[in-house]
Amino acid sequence: MGSVPVWQKYHHGCLDAFFSGLSCVVSVPFYTAFLPLLFWSGHGKLARQMTLLMAFCDYLGNCLKDVVSAPRPSCPPVRRVTATKDEKENAMEYGLPSSHTLNTVCLSGYLLHYVVTYTRHSDASMQFAGIAMVGLFVGLIGLGRIYLGMHSLVDIISGLAFGLAILAFWLNVHEYIDNFIVSGQNVTSFWAALSFLLLFAYPTPELPTPSFEYHTAFNGVALGIVSGIQQTYHQFHHDNVPHIFTSQLMIPAFVGRMLVGIPTILLVKFCSKALAKWSLPIVANTLGIPIKSTSYIPALTASNSGKKSDETRQPGYLQKAFPLLPPGLV
């Protein structure tokens, strides 16, 4: 058994709590709360760009993880801290690149770009302060992932490099994407086709991981956002909607949106999951479709008649995109 890495020889309960809490900033519960706040604040362009950028990062980062299939640091000797359910699920993924680092670079970098552009700050000192804050935040996220035993230094560096490349690319194309979404033709049908294409284009990892499920979920979010904005842009998402901290949208009104919106989101999320878990097994059993059981929907059982080699092999692209198809068809 190897020795404990140098960066893990110094640990404390306060540091465990601090870095675990910091990691939650790049998590599903955070996105569930933060991205709607951007819409409700009147910054619709920022909200839709951050959502699409997050989906883009999630797809590319998870693809690279499953292509490389580089394991996380061995535990033991590494001391791994998984304080939340999300962290325990994240630990089931491969390690390179660090998704937390990659996503933090892209989202905080784009947020800084939007703030500088929206406020039209030309003061070099203010811009430097913003860059320094983003750099500090990204550094703390990366350090925290190493401290928690979730990533190696190589994972963090690769996440940083890949994130900077994605951010540079997005800053060059985001205006074209936004113009297409709000005023293009056949936007919904195009995005639906793109979403299905991305499901088929996802690589098969060496061993099963939840990365594809994460991508699929955010892929659906992106499709819903694009479809909704394209159809209601002139009613709710145009540039002249009231912005927070103005006379048209005061703090009490914004808080009211939060008090109504967040419970609604959680309720819809809970009900849609429950409906899917209840209806999919019924449909599969009614149609007599043999499928493999999953941790997400335990009621879906696999056929016991298959050979052992069929049970242990990795699912193909068609099985990933359409898990209800009979194995013989894929």
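Residues numbered from 1 in each chain as written. Predicted model: local features only at pLDDT ≥ 70, side-chain atom pairs only at ≥ 80, totals over all residues. Heavy atoms only, no water.

The protein chain carries the name Phosphatidic acid phosphatase (PAP2) family protein in an unreviewed UniProt entry, which gives Actinidia rufa as its organism. Here is the UniProt Sequence similarities (unreviewed entry) comment for the protein chain, exactly as written: "Belongs to the type 2 lipid phosphate phosphatase family." You can read under Subcellular location (unreviewed entry) in the UniProt record for the protein chain the words "Endoplasmic reticulum membrane". (UniProt positions renumbered as here; feature names shortened; annotations may be inferred.)

Caption draft 1: Inspection of the overall build of the protein chain at higher detail. Check the secondary structure of the protein chain and you find 12 helices and zero strands. Looking at the 330 residues of the protein chain, the share that counts as buried comes to 38%. Partitioning the intrachain contacts of the protein chain with sequence separation of at least 6 by distance along the chain shows that 76% fall at a separation of at least 24. (Helix = DSSP H or I, 4+ residues; strand = E, 2+ residues; numbered from the N terminus. Buried < 20%, exposed > 50% of the residue type's maximum accessible area, 1.4 Å probe, protein only. Contact = heavy atoms within 4.5 Å.)

Caption draft 2: The arrangement of the nonpolar core in detail. Within the largest apolar cluster, 34 residues are counted, with the highest numbers of intra-cluster contacts made by Tyr31, Met50, Leu52, Leu53, Cys106 and Tyr110. Secondary-structure elements contributing two or more residues to this core are α2 (28–40), α3 (44–68), α5 (99–119), α7 (153–183), α8 (187–200) and α9 (211–237). Of all the elements, α3 adds the most residues to this core, at eight residues. Once residues lying within four places of it in the same chain are set aside, the contact partners of leucine 52 are Trp170, Ile177, Ile181, Trp191, Ala222 and Val226. With seven residues, the next largest nonpolar core counts Phe19, Leu22, Val81 and Tyr147 among its residues. (Core = buried A, V, L, I, M, F, W, Y, C linked by side-chain atoms within 4.5 Å.)

Caption draft 3: Looking closely at the pattern of salt bridges. Under the definition given, this model contains three salt bridges. A salt bridge links arginine 48 to aspartate 178; the shortest N-O distance between them is 2.4 Å. Here aspartate 178 lies in helix α7 and arginine 48 lies in helix α3, a separation of 130 residues in the sequence. Accessibility classification places arginine 48 together with aspartate 178 in one group, the buried group. Linking lysine 65 and glutamate 93 is a salt bridge whose minimum nitrogen-to-oxygen distance equals 3.7 Å. Linking lysine 65 in helix α3 with glutamate 93 in the loop between α4 (85–90) and α5, this pair joins segments that are 28 residues apart in sequence. Taken as a pair, lysine 65 and glutamate 93 share a single burial class, namely buried. (Salt bridge = Lys/Arg side-chain N within 4 Å of Asp/Glu carboxyl O.)

Caption draft 4: Highlighting the packing of aromatic side chains. Across all of its chains, the model carries nine aromatic pairs by this definition. Relative to phenylalanine 34, the ring of phenylalanine 30 has its centre 5.1 Å away and its plane inclined at 10°; by these criteria the two rings are stacked. Residue phenylalanine 30 and its partner phenylalanine 34 are located together in helix α2, separated by four residues, close to a single helical turn. Overall, phenylalanine 30 belongs to the partly exposed group, its relative accessible area being 27%. Judged by its relative accessible area of 21%, phenylalanine 34 falls in the partly exposed class. Clustering of aromatic rings is evident, with ring pairs tying together Phe18, Phe19 and Tyr147. (Phe/Tyr/Trp six-rings, centres within 6.5 Å; stacked < 30°, edge-to-face > 60°.)

Caption draft 5: Seen up close, the environment of alanine 253. Relative to the helices and strands, alanine 253 is located in helix α10 (residues 251–287). Linking alanine 253 and serine 41, residues 212 residues apart in sequence, is a C-alpha distance of 9.8 Å.

Caption draft 6: Representation of the packing of α3 against α5 in the model. Where α3 contacts α5, the two axes come as close as 10 Å, and the packing angle between them is 155°. Between α3 and α5, the angle falls in the class roughly antiparallel. Taken as a pair, α3 and α5 cross one another with a handedness that is right-handed. Here α3 contributes Leu46, Gln49, Met50, Leu53, Met54, Cys57, Asp58, Gly61, Asn62 and Lys65 to the contact with α5, which in turn contributes Ser99, Leu102, Asn103, Cys106, Leu107, Tyr110, Leu111 and Tyr114. (Axes fitted to C-alpha atoms, helices over the stretch in contact; angles between N-to-C directions. Parallel < 35°, antiparallel > 145°, perpendicular 65-115°, else oblique. Left-handed = near helix turned anticlockwise from the far one by under 90°.)

Caption draft 7: Structural view of a positive patch on the surface. A cluster of basic residues, Lys85, Lys269, Lys273 and Lys277, forms a positive patch at the surface. Per-element tally for the positive patch: the top contributor is α10, with three residues. Assessed through its relative accessible area of 37%, lysine 277 is described here as partly exposed. (Patch = residues over 30% accessible without salt bridge, like charges linked within 9 Å, V, L, I, M, F, W, Y side chains within 5 Å. Areas by Shrake-Rupley, 256 points an atom, 1.4 Å probe, with all protein chains shown as cover. Lys, Arg positive; Asp, Glu negative; His and termini not counted. Charge placed at Lys NZ, Arg CZ, Asp CG, Glu CD.)

Caption draft 8: Seen up close, helix α1 (residues 13–23). Among the residues of α1, Asp16, Phe19, Ser20, Leu22 and Ser23 are the ones counted as buried. Buried residues of α1, seen end-on, are gathered within an arc of 160° and therefore sit on one face of the element. When the buried face of α1 is taken as reference, the exposed residues oriented beyond 90 degrees from it are Cys14 and Ala17. (Arc of directions from axis to C-beta.)

Caption draft 9: A look at the UniProt feature "transmembrane region" (unreviewed entry) in the protein chain. What UniProt calls "transmembrane region" (unreviewed entry) maps, in this numbering, to residues 17–40, 128–147, 153–173, 180–202 and 249–268. End-to-end, the C-alpha atoms of residues 17–40 are 31 Å apart, and along that stretch the chain is 83% helix and 0% strand. Counting secondary structure, residues 128–147 comes out at 100% helix and 0% strand; the distance between its end C-alpha atoms is 28 Å.

Caption draft 10: Expanded view of unusual backbone geometry. Looking along the chain, the bond that leaves leucine 96 and enters proline 97 is cis, with omega of 0°. You can see proline 97 is positioned in the loop between α4 and α5. One non-glycine residue with positive phi stands out, namely serine 69, at about 55°. Relative to the elements of secondary structure, serine 69 occurs in the loop between α3 and α4. On the accessibility criterion, serine 69 (10% relative accessible area) is buried.

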